[in-house]
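Next come the chains, spelled out residue by residue.
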Amino acid sequence: MQWQFNKSFLFLILLPIIGLRLYPQSITINEFMSANSYFITDEDGDYSAWIELYNYGTETINLFGFGLSDDDSNPFRWKFPAITILPDQYILIWASGKDKTIPGMPLHTNFSIKVSDEPLILTNPYGTTICEVSPITLPSDISYGRQPDGNDKWFFFIEPTPNAPNQTQAYPGILDHPQFSHQGGFYTDDFWLTISHIDPEVIIYYTCLLYTSDAADDLLCVDLGGCRIINKKKIT
């Protein structure tokens, strides 16, 4: 009886351990573009939004059953097919709404991402959130990604790198356009032109061009140069 008790007890202890399958956590959303206007086309020739995953770990990860979503309440809005991602490998998923899940072929989610107001969520098959990117507004053909790859620091890229390391120039933010006190055009009277920005710490660099009449119908452009410093940052 003592042996039977110990054997049963040992079986009960080992059963959850044997049945437990752990999923590596070393995968993340590494870069994405929500407003792909002219940058890159999918296999159908469409300029679709795209999301890049990156395996920054040392183990190969089977993505079968992982979820990708733009909705907090529905983390498994789109599920990965039976594909693997090797260490230091990238996978590109088109957020086109076309819903393509054939292994070895270009992958497309069943939803399209907007340029703002939507998160991106990567979830493992057990429902654990692996990565969540907060909503952010992106201009056309500019991506948002990590640098270095797999790092916690996010930047804007005017030279996106889908399926490749994020090694181009990274920018911590995007500035609004400067504001001019007068509209462009021709004026007959003198006036003071001011250039300003909603961020008081911005530095505005500018060049003055003087247009003067050299003949009856000819205009001569003269570069006067110039630089006006407002504060700490810069716009070029």
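Because the structure is a prediction, the values reported are computed rather than measured.

On to the overall build of the chain. From N to C terminus, the chain includes one helix and 16 strands. Among the 236 residues that make up the chain, the fraction classed as buried is 35%. Across the chain, the fraction of contacts at a sequence separation of at least 24, relative to all contacts at a separation of at least 6, is 52%. If you sum the accessible surface of the chain, you get close to 15000 Å²; carbon and sulfur atoms cover 55% of it.

Moving on to empty space enclosed by the protein. Overall, the coordinates contain one cavity of 30 Å³ or more when judged by the stated rule. As a volume, the largest cavity reaches approximately 70 Å³.

A large share of strand β1 (residues 27–33) lies buried, amounting to seven of its seven residues. Two strands pair when backbone bridges link them, and β1 and strand β2 (residues 49–55) are joined in this way by six bridges, in the antiparallel orientation. Paired with I29 across the strands is L53, a residue of β2. Relative to strand β11 (residues 143–146), β1 runs antiparallel, the two being bridged by two bridges. Bridge assignment links E31 to a residue of β11, and that residue is G145.

Our focus in this paragraph is the side chain of T168. Looking at where T168 falls in the secondary structure, it is placed in the loop between β12 (154–157) and β13 (179–180). Of note is the side chain of T168, whose polar atom sits 2.8 Å from the backbone oxygen of E159.

Think of it this way: side chains of opposite charge can pair up when their charged atoms draw near. Using the criterion set out here, one finds six salt bridges in the structure. In this structure, E43 engages K100 in a salt bridge whose closest nitrogen and oxygen atoms are separated by 2.9 Å. With E43 in the loop between β1 and β2 and K100 in the loop between β7 (90–95) and β8 (107–108), this pair connects stretches of sequence that are 57 residues apart. Residue class for K100 comes out partly exposed when judged on its relative accessible area of 26%. In this structure, D46 and K98 form a salt bridge, with 2.7 Å as the shortest nitrogen-oxygen distance. In this pair, D46 is assigned in the loop between β1 and β2 and K98 in the loop between β7 and β8, connecting sequence segments 52 residues apart.

Now for the sheet that holds strand β4 (residues 67–69). In space, the four strands of this open sheet follow the order β5-β4-β9-β10, with antiparallel pairing throughout. Sheet topology places β5 (78–79) and β10 (129–133) at the edges, where each strand pairs with a single neighbour. In terms of strand pairing, β4 meets β5 through two bridges, oriented antiparallel. Its bridge partner lying in β5, G67 is registered against K79.

This paragraph deals with the packing of aromatic side chains. Geometrically, a pair of aromatic rings is defined through the distance of the ring centres and the angle of the planes. In the structure shown here, the tally under the stated rule is seven aromatic pairs. Seen from their ring centres, Y144 and W154 are 5.0 Å apart, and the 20 degrees between their planes marks the pair as stacked. Placement of Y144 in strand β11 and of W154 in strand β12 is noted, with a sequence separation of 10 residues between them. In this structure, Y144 and W154 share a single accessibility class: buried. Between Y144 and F156, the ring centres sit 4.9 Å apart and the planes meet at 45 degrees, which makes this aromatic pair tilted. Here Y144, found in strand β11, pairs with F156, found in strand β12; they are 12 residues apart in sequence, far enough to count as distant. Taking the relative accessible area as the measure of exposure, Y144 reaches 13% and is therefore buried. Grouped by ring-pair contacts, the aromatic residues F32, Y144, W154 and F156 constitute a single cluster. The ring centre of F76 lies 5.5 Å from the NZ or CZ of K79, which sits over that ring.

Moving on, we come to the environment of S112. For S112, the position within the fold is in the loop between β8 and β9 (120–123). Between the C-alpha atoms of S112 and A49, which are 63 residues apart in sequence, the distance is 7.1 Å. Polar contacts involving the side chain of S112 include one to the main-chain carbonyl oxygen of S96, which spans 3.1 Å.

Cut-off values and rules
- Residue positions are counted from 1 within each chain, in the order its sequence is given.
- At least 70 in pLDDT is required for a residue's local features to be given in this predicted model, at least 80 for side-chain atom pairs to be given and counted, and no such filter applies to totals for whole chains, interfaces and linings, which use all residues.
- With hydrogens and water stripped out, all remaining heavy atoms of the structure feed into the side-chain values.
- For helices the rule is a DSSP run of H or I covering at least 4 residues; for strands it is a run of E covering at least 2, with both sets numbered from the N terminus onward.
- Relative accessible area decides the class of each residue, using a 1.4 Å probe on protein chains only: under 20% of the type maximum gives buried, over 50% gives exposed, and in between gives partly exposed.
- Pairs of residues are marked as contacts when any of their non-hydrogen atoms sit within 4.5 Å.
- Residue exposure ignores everything except the shown protein chains as possible cover, and the areas themselves are Shrake-Rupley values with a 1.4 Å probe.
- Cavities and pockets are found on a 1 Å grid laid over the protein atoms alone: a cavity is a set of points where a 1.4 Å probe fits but cannot escape, a pocket is an open set with protein on both sides within 12 Å along at least five of seven lines, and a lining residue has an atom within 4 Å of such a point.
- Grid points are joined across faces, edges and corners, and a volume is the space filled by probe spheres set on the points.
- A pair of strands is labelled paired if DSSP reports no fewer than 2 bridges between them.
- The definition of a polar contact used here is a pair of N or O atoms within 3.5 Å, where within protein one atom must be able to donate a hydrogen and the other to accept one, and adjacent residues in sequence count solely through side-chain atom pairs.
- Whenever Lys or Arg places a side-chain nitrogen within 4 Å of a carboxyl oxygen from Asp or Glu, that contact is recorded as a salt bridge.
- In this analysis, rings of Phe, Tyr and Trp, with Trp reduced to its six-membered ring, are considered paired at centre separations within 6.5 Å, and the interplanar angle assigns stacked below 30 degrees, edge-to-face beyond 60, and tilted for intermediate values.
- Here, a charge over a ring is recorded when the distance from Lys NZ or Arg CZ to the ring centre is within 6 Å and its angle to the ring normal is within 35 degrees.

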